Amino acid sequence: MTDTNKDLSPYVTLVSADGFEFHVRRSAACVSGTIRRMLDVQNNFSEAQSGICHLENLSGIVLEKVVEYFYYNEKHRDSTGVTDMDIPADLCLELLMAADYLDT
């Protein structure tokens, strides 16, 4: 994040297409390149000022798993031999599309 971002809240809100809200540490949410760019004040997106990202193409179930991944990634970023996350088979395709969209 840039120096102009340091006065912003350490938390952001991610909102799914079906209205579920997830309050997430900014550092965890910025695992996503898409969200990181949305929250960078130099890019002049409204999300940077409000701290709220509406992700209209992600359902609450998928966004919940994505947020779990953000924290998992942040926690194990520099670790080796980390076990895989548990991913339900019925969400695999949607999570793959979400990962592509979110640039993770």
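Right above here is the structure, for reference.
Residues numbered from 1 in each chain as written. Predicted model: local features only at pLDDT ≥ 70, side-chain atom pairs only at ≥ 80, totals over all residues. Heavy atoms only, no water.

Asker: How should the sheet that holds strand β2 (residues 21–25) be read in this particular structure?
Answerer: The sheet built from 3 strands is open, its strands ordered β2-β1-β3 with mixed pairing. The sheet is open, and its two borders are formed by β2 and β3 (52–55), each paired with just one other strand. Direction aside, neighbouring strands of the sheet carry axes that sit 25° apart on average. Pairing between strand β1 (residues 11–16) and β3: 4 bridges, direction parallel. Considered in β3, the bridge of S16 is made with L55. Taken strand by strand, helix α4 (residues 60–76) contacts β1, β2 and β3, and its axis lies near 10° from that of β2. (Pairing = 2+ DSSP bridges. Helix = DSSP H or I, 4+ residues; strand = E, 2+ residues; numbered from the N terminus. Axes fitted to C-alpha atoms, helices over the stretch in contact; angles between N-to-C directions. Contact = heavy atoms within 4.5 Å.)

Asker: Help me out: how do you make sense of unusual backbone geometry in this one?
Answerer: For residues that are not glycine, phi is negative in most cases, and the peptide bond is trans in most cases. Although it is not a glycine, N44 adopts a positive phi angle of roughly 60°. When you line up the elements, N44 lands in the loop between α2 (33–39) and α3 (46–50). For N44, a relative accessible area of 68% translates into the label exposed. (Buried < 20%, exposed > 50% of the residue type's maximum accessible area, 1.4 Å probe, protein only.)

Asker: I would appreciate a short explanation of helix α5 (residues 92–102) in the present structure.
Answerer: Three or four residues apart is the spacing at which side chains of an α-helix point the same way, because the helix has 3.6 residues per turn. Along α5, the positions that sit buried rather than exposed are L95, A98 and L102. One face of α5 carries all of its buried residues, which in axial projection span an arc of 60°. Counted as exposed and oriented over 90 degrees from the buried face of α5: L93, L96, M97 and D100. Lining the buried residues of α5 we find α2, β3 and α4. Following α5 by one or two positions, D103 adopts a phi angle in the positive range, close to 55°. (Arc of directions from axis to C-beta.)

Asker: Would you mind showing me how to read a nonpolar patch on the surface here?
Answerer: A contiguous nonpolar patch, built from L93, L96 and M97 and spanning about 350 Å² of accessible area, is present on the exposed surface. For L93, the location among the structural elements is in helix α5. (Patch = residues over 30% accessible without salt bridge, like charges linked within 9 Å, V, L, I, M, F, W, Y side chains within 5 Å. Areas by Shrake-Rupley, 256 points an atom, 1.4 Å probe, with all protein chains shown as cover. Salt bridge = Lys/Arg side-chain N within 4 Å of Asp/Glu carboxyl O.)

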